[in-house]
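Here is what each chain is made of, one letter per residue.
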Amino acid sequence: MRSFASRGAASSAWWSALVLLVALLSTASTVYAKDEPAIAIKELKNAPSIAKYFPRSNVVLFQESESPRTVWRSTDGGATWDKANGIDHEKSFALVMHKYDPDRAYVLTLGNTHWKTSDKGKTWDEFYTNAYTSDFDYTIGNWMVFHADNPDKILFTGMECEGFFCEEVTMYTTNGFDKKAALLRRSTQGCWWAKSSEIFTTGDPDLDADRTLCIVRSGMFSSTDENRLCLSDNYFKPIDGGETLDEKEPNLNGAGPIQGVVNIVEVKKYLLVATTSPRSAEMALFVTDDTKVWHRAVFPQDHQLVQSGYTVLESTNYSIQVDVRSNKRTSAPMGTLLTSNSNGTYFTRNIEHTNRNVRAAVDFEKVTGIRGVFLVNRVDNWEDVEKDEAEKKIKTAITFDDGRTFGVVKADDDDVHLHSITEMNNVGPQFSSPAPGLVMGNGNRGKYLKDYWESSLYVSDDAGKTWVEGPEGPHKYEFGDQGSILLAVQDSKDIDVHELKYSLDHGKKWTTTKLPDELSILPWTLTTTPDSTSLKFVLTARTGSKESPSYCVVSIDFEGLHEDTCKDDDMEEWHARKDDDGKPICVMGQTQKFQRRKKDAKCFIKKEFKEPVPETSRCDCTAADFECDFNFIPDGGECKLEGPVLAPQEACRANNPDETFMGSSGWRLIPGNECQRTKGGQKDDKKEWKCSDTSSRPGNSTGEISVAYTPFKGDFDRMEKHYLERGELSTYDDETIIARPEKIFDGAGDVFITHDHGKTWSTPKQLKDKEIFAITTHAYVKDMVFFLTTKNEVYYSTDRGKSIDSFKAPDPLDRQGITPFSFHPDHPEWLIWHGQKCTGDKCYLEASYSRDRGDNWHTLKRYVDRCEFTGSKAYGFRNQSQIICSARSQENNDIENNPLHLLYTDKYPDYDFAVALEGITRFATMAEFIVVATENQTEGTLKALASLDGKTYAHAHFPLNFQVSHRNSYTVLDSSTHAVNLFVATETEKSRRYGSILKSNSNGTSYVVSIPGVNADDEWYVDFEKMLGLEGVVLVNTVGNLDSDSEPKNLQSRISHNDGALWSFLPPPQEDAEGKPYSCSSREGDAYCALHIHGFTERPDRGKTYSSESAIGLMFGTGNVGPILGNAKDADTFMTQDAGMTWKEIKKGSWSWSFGDQGSIVVIAQRNKKTKSVSYSLDRGDTWQDKEFHNSEVFITDITTVRSGSSRNFILWGQNGKELFAINLDFSGLTDKPCIHDEDDSDKSDYELWSPEHPLQPNRCLFGHKNYYLRKKKDRKCYNERKLQQVYKFETCECTREDYECDYNYELDSHNYCTLVEGLRPKDPLQMCRDDPEQTEYHEPTGLRRIPLTTCKGGTFDPDNVFKVHPCPGHEEEFEKKHGVSGVVIFFAVVVPITVAALVGWWVYNNWQAQFGQFGQIRLGEQSGLDSDAPWVKYPVIVVSAVVAVVGALPLVASSIWRTVSSTYRRFSGRGESGGRYGWLSSSGPRRFTTRDSFARGRGDYAIVDEDEGELLGDASDDEV
């Protein structure tokens, strides 16, 4: 069974079992053969893994659990074992069986050298993957992907690392690893062959052969929201040898590529792609049956897909089955089983309230080989479980018509309930095997399923129709000889099992046989060949005692029990279903008939590895062959419409609600049903519908901007408001806002909610009259909100307020303290709660955690200051469960001698903390960095430290003239560009506060001054803001009069286009909004005349921003033109369309702004002044129009829309007298035409490509590349139907000065040069050699360092030209080998050219007259006046000849140098043809690392391993000796 959850897919049950068990120790096997099964025991010291069979054979492998992880092999079904020959077992890590070739298997190491077999493990050979085995969580167990048609084609998932920064890389082979693997693609999160299933096909043999699909990350620290799906038909090779890869993004949703791809899964003849949306738990599934045309999987309206909330089940060749979690309680999950139509697109319900567990496993299993039969467990008391946190009462149901109807499981007249997938106690299928009609399970009689340890074994030999009770107690069980043998061993909690049970008559009678030598075991797994045709079984178990456990592998062989082989009269015809008269019944439109052994026959079939094949015959279609279609539900024998009707693609294009079309009747033929249609009408005949039936909500097609006014009664001062946004791929169309009127210092009113962006409002009944103290939204999931009460009750919604649930907080809210919640970035249900715990009059803060959204709480740490989740999928160098806390060293409230310590833990579920730092003041997290402030009480200074892994912290090295007093403050600013931006206060006097912004290197430890004198307010908020949606564009306000203590601060605005490396003034417009010139002018802005903008410290609403992530290049601000920033009351409103390169004044006075439709609509409203109209622009601010929204003038306090900027609705918030109000402005009526992007015809396209510029770089390069964005053309009357891809395309640039910033102890001078700070020295370059004894070289100080974000290559500022290298002391020889030239190269470069030159010169001299005659001769016999022997003729000729010879030899010299350097590199990188590396902890050679810049973005630096690399680089040659 395959699961598909969290990132789209839950871990495979097979791999979970593999991690649970492992390995053998070689001891002699003792064989016991009587009139009963022969039993062989192998005693072990370590736990054995699951036995892995080579298909259609009795050859078995397994691996030991602890080093040495020895691989063992048996050729007789487990009776005897030998170590696999040819493997270095000390280095073996994982055992992988080839999925499609029955003779191949692989043993992987942690390095790049592994072993393979092609003869069922008889012999093993080394192979090289050229990448180290990946240890990312999502990769474990999925290292190799096999081509279904060609067993030689294999994908290998590895990784490349720089320090502890690792990035996944995928390699490939087309020759079964006979040669070294070649690079497929870097920055991957999994790659697959299109032909990953035997029955899947693209429809094109060439594409089947070579097409690959990869999930591609956008960068090393990128979130899964940015992942893309790329496919290639030639292994992602560069186009024309350049940097652009031959790849394309498939059109998943019909409108273009989709970001947020988290997983791909192969399901029979389908490929499924799971995607997620930024800051949303909602997900989407896309399906294809050829990789060319994709469809979104459409589910019933009340079943949305969420992370960890759906599981793709074992499906059929004709449909996909998915279980979708349907309740909110994550600790007691339940689901709805859905089945798709034949192309996997539309899903309908089968059964509600299925039983799930927290790992997304579902109690669902098909009966192997029998069409239409499967068993499920469902929760009978689902309402109590959802509302009252009751224990589940589970019942087992069975269907014989593929889920259309369900019945109970019966033993005699009793209901039987069976334990299933959520409680797996063995490997493989839980109930059935290829044995026809034979089913077994652990369960009990009664109303509900009881505890597992109260169960007994039940058996059915008619595919689940009737059952008989077998041995008492729970058992592990298996089928053998096509069902002739049923083997069971009792399960136990202790090492007390000493017998086996078997039945040879389908479970009517059971025989017991003792284990030899009074052996007692605790059984682990019982298994046999995958086809259940063998007479041999393998049992793994624990023996010994709890204090001193040992292990064993037990072989059970029934070969000698019966000598007879079944004859024809021992066989019977068995029909999958029969009626009471014994006649065959149709199942899924056909009857099925098998040949199987009679239950009382005294023989074995003995047809090993030949699975039984059924005979089928078709039946006429009846009502039982149909089910309710998509968006219809059963209702008294009919199918009732539950949602919108699906219209054909060509219907309803005229936007006429009365137009009709032929659509579904409400019925459909069950997918996979083979019934034969009869003459006449059919239940699924098409029916006429109106186009109005296709929409759940009427649209606004008035051609006008609509206005909806809502007053809020009561005496209130302001509105608290929270937007809850749906995911970008959501099938819903709501736009939800939660609002609450407040009166300052005097409480708040009721909570209001709107789902139509403010047109209608209501108060949720669950929140009515509740004392809501605070409302907080989830930090990482934008559609989740929490309502905190003054008591322990917390109300929450995970679906944007459609339903509201609650939980009890472990401790009361600390009303004066910090925000009580900490959220996990990847797991929305993981919470940390900070509550106030009191004992008498002593109170302290206690942190508790929950992994099921408050259903269950566990104490994390007492006397804490703050705790945070710091683990994340985006940061592979941290444990995903990691938590850090600042807490008192002693558990009391005394401040003296009880400093705060920084603690961390990776150990879930125990969460035992370790001390990372002592004596800290606070910590902050920003992007990948954890920054901590510590106080040196002796020196009275404040120090900063930084960490990436949360465990080890390095001191932040500030410039030497930077000493930070303990009274000063640090503010960690937005650090989303792989460097920490740290504000350090340098002036602490109130009303005069300012400081310097320091920028770190890529690990957050070495800082340089980016810009000094940056303004801060008295609360240490800083005038610093990044432009959203663009890289590295930053605005700050600086204090121009730093030396003056008597006058107010004179502020000046500065902008950087390269992440703070260089700063400039804002260029002022040439004229104001009225067309008048300003009192000063400047082309580029300077200290005497520039545009100055009021910054973050003066913003009334700190949630407002200059820009929007979706409105690329647009930015607003209020300010003035002049030498300094003026009073806010006198400010005018300015905007830029090109990311701050140019500005214009759009309105006099101060206006609020909001961006809609991804920047296509801009709405502004005047501040602090009564008005009854707003202005709006549809052309990015070129022209403005007014819209009256009220019949009288009112105060507008704010204008808002969804944070993503994608909506065409806005809300004006304001006050009319004492009444607060909200006004909805709906712009969707202006156009109903979606914008179209035509890549082939730019004139027809509604979009244009725009690229930001750098003021000092005319080539438009920023951070080493040019990014191109799609923006709607200003003159097009259409709307953006989908989110525009953030970066449409990019180009890599050559390195220039702008790709560098000042190094440690250097600063920009007035000429923008990096000069050494007066009185300081450069950082000692040898320090890096002292810090790392393995370091072989260091860089000579230049005053420059590369900006971490840049991806530039080559050019005059190429790193090889800028940074000169020298050997570290003691590593001169290694340095020389790496950078020097060998004797062979010298020989070819010097001796050979000189020798050749001498020979050429000699030849020219001796053949002068013979070949050319005398100088100047024209063959007329006249004597020249020049003598060829004259020195002024002879020696110049020799010199010229030598020069010609040397020039001619240069290509050979270059080739020789290249070969030598390449060979040297291969020797040191471990990539030589002659050998590899087994593990990156090995001392035999360094691991191959990529450069930091290759991680800065995910789309550059793709060096391909050429197929002829061995020839190009050569083998180890004499010049390497």
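All of these numbers come straight from a predicted model, not from anything done at the bench.

**Focus on the overall build of the protein**
The helix and strand tally for the protein stands at 11 helices and 98 strands. Among the 1521 residues that make up the protein, the fraction classed as buried is 57%. Within the protein, counting contacts between residues at least 6 apart in sequence, those at least 24 apart form 57% of the total. About 65,900 Å² of surface is accessible on the protein, with carbon and sulfur atoms providing 48% of the total.

**With respect to the pattern of salt bridges**
Tallied over the full model, the rule gives 67 salt bridges. Note that Arg371 is salt-bridged to Glu674, the shortest N-O span being 3.9 Å. You can see Arg371 sitting in the loop between β27 (364-366) and β28 (374-379) and its partner Glu674 sitting in the loop between β49 (667-669) and β50 (687-690), a full 303 residues away along the chain. Classification of Arg371 as buried rests on a relative accessible area of 19%. Residue Glu674 is classed as partly exposed on the basis of its relative accessible area of 34%. For Arg445, the salt bridge is made with Asp414, and the minimal N-O distance between the two is 2.8 Å. Of this pair, Arg445 sits in strand β32 (residues 439-445) while Asp414 sits in strand β31 (residues 414-418), placing them 31 residues apart in sequence. Given the relative accessible area of 24%, Arg445 is considered partly exposed. Residue Asp414 is classed as partly exposed on the basis of its relative accessible area, which comes to 33%. Several salt bridges share partner residues, and in doing so they unite Glu282, Asp734, Asp783, Arg800 and Lys802 into one network.

**Re unusual backbone geometry**
The peptide bond linking Ser67 to Pro68 adopts the cis configuration, its omega dihedral lying at 0 degrees. One can find Pro68 in the loop between β4 (60-63) and β5 (71-74). A positive phi angle is found at Asn631, which is not glycine, with a value near 65 degrees. Position of Asn631 among the secondary structure elements: in the loop between β45 (626-628) and β46 (632-635).

**Overview of the environment of Ser1006**
Relative to the elements of secondary structure, Ser1006 occurs in the loop between β72 (994-1000) and β73 (1007-1015). Judged by its relative accessible area of 5%, Ser1006 falls in the buried class. A C-alpha to C-alpha distance of 8.8 Å links Ser1006 and Asp1303, two positions 297 residues apart in sequence.

**With respect to the pairing of strand β15 (residues 182-186)**
A large share of β15 lies buried, amounting to five of its five residues. In terms of strand pairing, strand β14 (residues 165-173) meets β15 through four bridges, oriented antiparallel. In the sheet register, Thr170 faces β15, and the bridge partner there is Arg185.

**Structural notes on the nonpolar core**
The biggest cluster of nonpolar side chains holds 29 residues, and the ones touching the most others in it are Leu184, Leu213, Leu229, Ile264, Val273 and Phe286. For this core, the secondary-structure elements that each account for two or more residues are β15, β16 (188-193), β17 (212-216), β18 (228-232), β19 (261-267), β20 (270-276) and β21 (283-288). The next biggest cluster of nonpolar side chains, apart from the first, holds 27 residues, and it includes Leu375, Leu438, Tyr458 and Phe479.

**Structural notes on the sheet that holds strand β81 (residues 1144-1147)**
Spatially, the four strands line up as an open sheet ordered β78-β79-β80-β81, and their pairing is antiparallel. Each edge of the open sheet carries a strand with a single partner, namely β78 (1090-1093) and β81. With direction set aside, neighbouring strand axes in the sheet form an average angle of 55 degrees. Here five bridges tie strand β79 (residues 1115-1122) to strand β80 (residues 1132-1136), and the two strands are oriented antiparallel to one another. Its bridge partner lying in β80, Gly1119 is registered against Asp1132.

**A closer look at the state of the cysteines**
In this structure the tally under the stated criterion is 15 disulfides. Here Cys586 connects covalently by a disulfide to Cys619, the sulfurs 1.8 Å from one another. Looking down the S-S bond of the Cys586 and Cys619 bridge, the torsion is -95 degrees, so its handedness is left-handed. Here the residue Cys586 occupies a position in the loop between β42 (571-575) and β43 (590-597), and Cys619 occupies one in the loop between β44 (615-618) and β45, the gap between them amounting to 33 residues. Looking at Cys230, it has no disulfide partner, and the nearest cysteine sulfur is the one in Cys214, 7.8 Å off. With a relative accessible area of 0%, Cys230 lands in the buried category.

**Some remarks on the sheet that holds strand β55 (residues 772-777)**
Ordered by their spatial adjacency, four strands build an open sheet running β55-β56-β57-β58, and the pairing between neighbours is antiparallel. Of all the strands in the sheet, the pair left with one neighbour each is β55 and β58 (805-808). Along the sheet, successive strands turn relative to each other by an average axial angle of 25 degrees, direction set aside. Inspection of the sheet shows strand β56 (residues 785-789) paired to strand β57 (residues 793-797) by four bridges, in the antiparallel sense. Bridge pairing in β57 links Phe787 to Tyr795.

**Brief notes about the side chain of Glu725**
Following the sequence through the fold, Glu725 ends up in the loop between β52 (718-724) and β53 (736-742). For the buried Glu725, no salt bridge is present, and the opposite-charge side chain at shortest range is Lys782, 4.3 Å distant. Looking at Glu725, its side chain comes within polar contact range of the side chain of Ser1204, at 2.7 Å. Not counting chain neighbours up to four residues away, the residues in contact with Glu725 comprise Lys782, Asp783, Arg800, Val1202, Arg1203 and Ser1204.

**Brief notes about the environment of Ile258**
Topologically, Ile258 is positioned in the loop between β18 and β19. With 17 residues separating them in the primary sequence, Ile258 and Thr275 have C-alpha atoms 7.9 Å apart. With residues up to four places along the chain from it excluded, the contact list for Ile258 reads Asn227, Arg228, Leu252, Asn253, Thr275, Phe286 and Leu729.

**A few points about the packing of aromatic side chains**
All chains considered together, the criterion is met by 41 aromatic pairs. For the pair Tyr1176 and Phe1227, a centre-to-centre distance of 5.2 Å together with 75 degrees between the ring planes defines the contact as edge-to-face. You can see Tyr1176 sitting in strand β85 (residues 1173-1177) and its partner Phe1227 sitting in the loop between β89 (1219-1226) and β90 (1247-1250), a full 51 residues away along the chain. In this structure Phe1227 comes out as buried when scored by relative accessible area, which is 1%. Three or more aromatic residues joined by ring pairs form one cluster here, namely Phe786, Tyr796, Phe807, Phe821, Phe823, Trp833 and Trp857. Stacked on the ring of Trp1250, the Lys or Arg Arg1271 has its end atom at 4.3 Å from the ring centre.

**Quick word on the confidence of the model for the protein**
Reading fine detail from the predicted coordinates is not recommended where pLDDT is low. Across the protein, the average pLDDT comes to 83, with 85% of residues at 70 or higher. With pLDDT under 50 throughout, residues 1-33 is counted as low confidence; its partners more than four residues away or in other chains account for 120 contacts. Across residues 1408-1521, where pLDDT falls below 50, the model places 192 contacts with residues more than four positions away in sequence or in other chains.

**Comments concerning a negative patch on the surface**
A surface patch of like charges, here negative, comprises Glu383, Asp384, Asp388 and Glu389. You can see Asp384 is positioned in helix α3 (residues 382-388).

**With respect to the pairing of strand β75 (residues 1034-1039)**
Across the six residues of β75, six count as buried, placing the element largely inside the fold. Note that strand β74 (residues 1024-1026) and β75 share three bridges and pair antiparallel. Bridge pairing in β75 links Phe1024 to Val1036. Pairing geometry for β75 and strand β76 (residues 1051-1056), over six bridges, is antiparallel. Across the sheet, residue Val1036 finds its bridge partner in β76, namely Arg1054.

**Description of the side chain of Ser532**
If you trace the backbone, Ser532 turns up in the loop between β39 (522-527) and β40 (536-544). Judged by its relative accessible area of 3%, Ser532 falls in the buried class. In contact with Ser532, other than residues within four places in its own chain, are Ser433, Pro434, Glu478, Phe479, Gly480, Asp481 and Gln482.

**Thoughts on the environment of Ala944**
Mapped onto the elements of the fold, Ala944 is located in strand β68 (residues 941-947). Along the chain, Ala944 and Phe923 lie 21 residues apart, while their C-alpha atoms are 9.4 Å from each other. Dropping the residues within four chain positions of it, Ala944 is found in contact with Val932, Ala954, His955, Ala956, Phe958, Tyr970 and Leu982.

Cut-offs applied
Residues numbered from 1 in each chain as written. Predicted model: local features only at pLDDT ≥ 70, side-chain atom pairs only at ≥ 80, totals over all residues. Heavy atoms only, no water. Helix = DSSP H or I, 4+ residues; strand = E, 2+ residues; numbered from the N terminus. Buried < 20%, exposed > 50% of the residue type's maximum accessible area, 1.4 Å probe, protein only. Contact = heavy atoms within 4.5 Å. Areas by Shrake-Rupley, 256 points an atom, 1.4 Å probe, with all protein chains shown as cover. Salt bridge = Lys/Arg side-chain N within 4 Å of Asp/Glu carboxyl O. Pairing = 2+ DSSP bridges. Core = buried A, V, L, I, M, F, W, Y, C linked by side-chain atoms within 4.5 Å. Axes fitted to C-alpha atoms, helices over the stretch in contact; angles between N-to-C directions. Disulfide = S-S within 2.5 Å. Lys, Arg positive; Asp, Glu negative; His and termini not counted. Polar contact = N/O pair within 3.5 Å; in protein donor to acceptor, adjacent residues only side chain to side chain. Phe/Tyr/Trp six-rings, centres within 6.5 Å; stacked < 30°, edge-to-face > 60°. Lys NZ or Arg CZ within 6 Å of the ring centre and 35° of its normal. pLDDT = per-residue confidence, 0-100. Patch = residues over 30% accessible without salt bridge, like charges linked within 9 Å, V, L, I, M, F, W, Y side chains within 5 Å. Charge placed at Lys NZ, Arg CZ, Asp CG, Glu CD.

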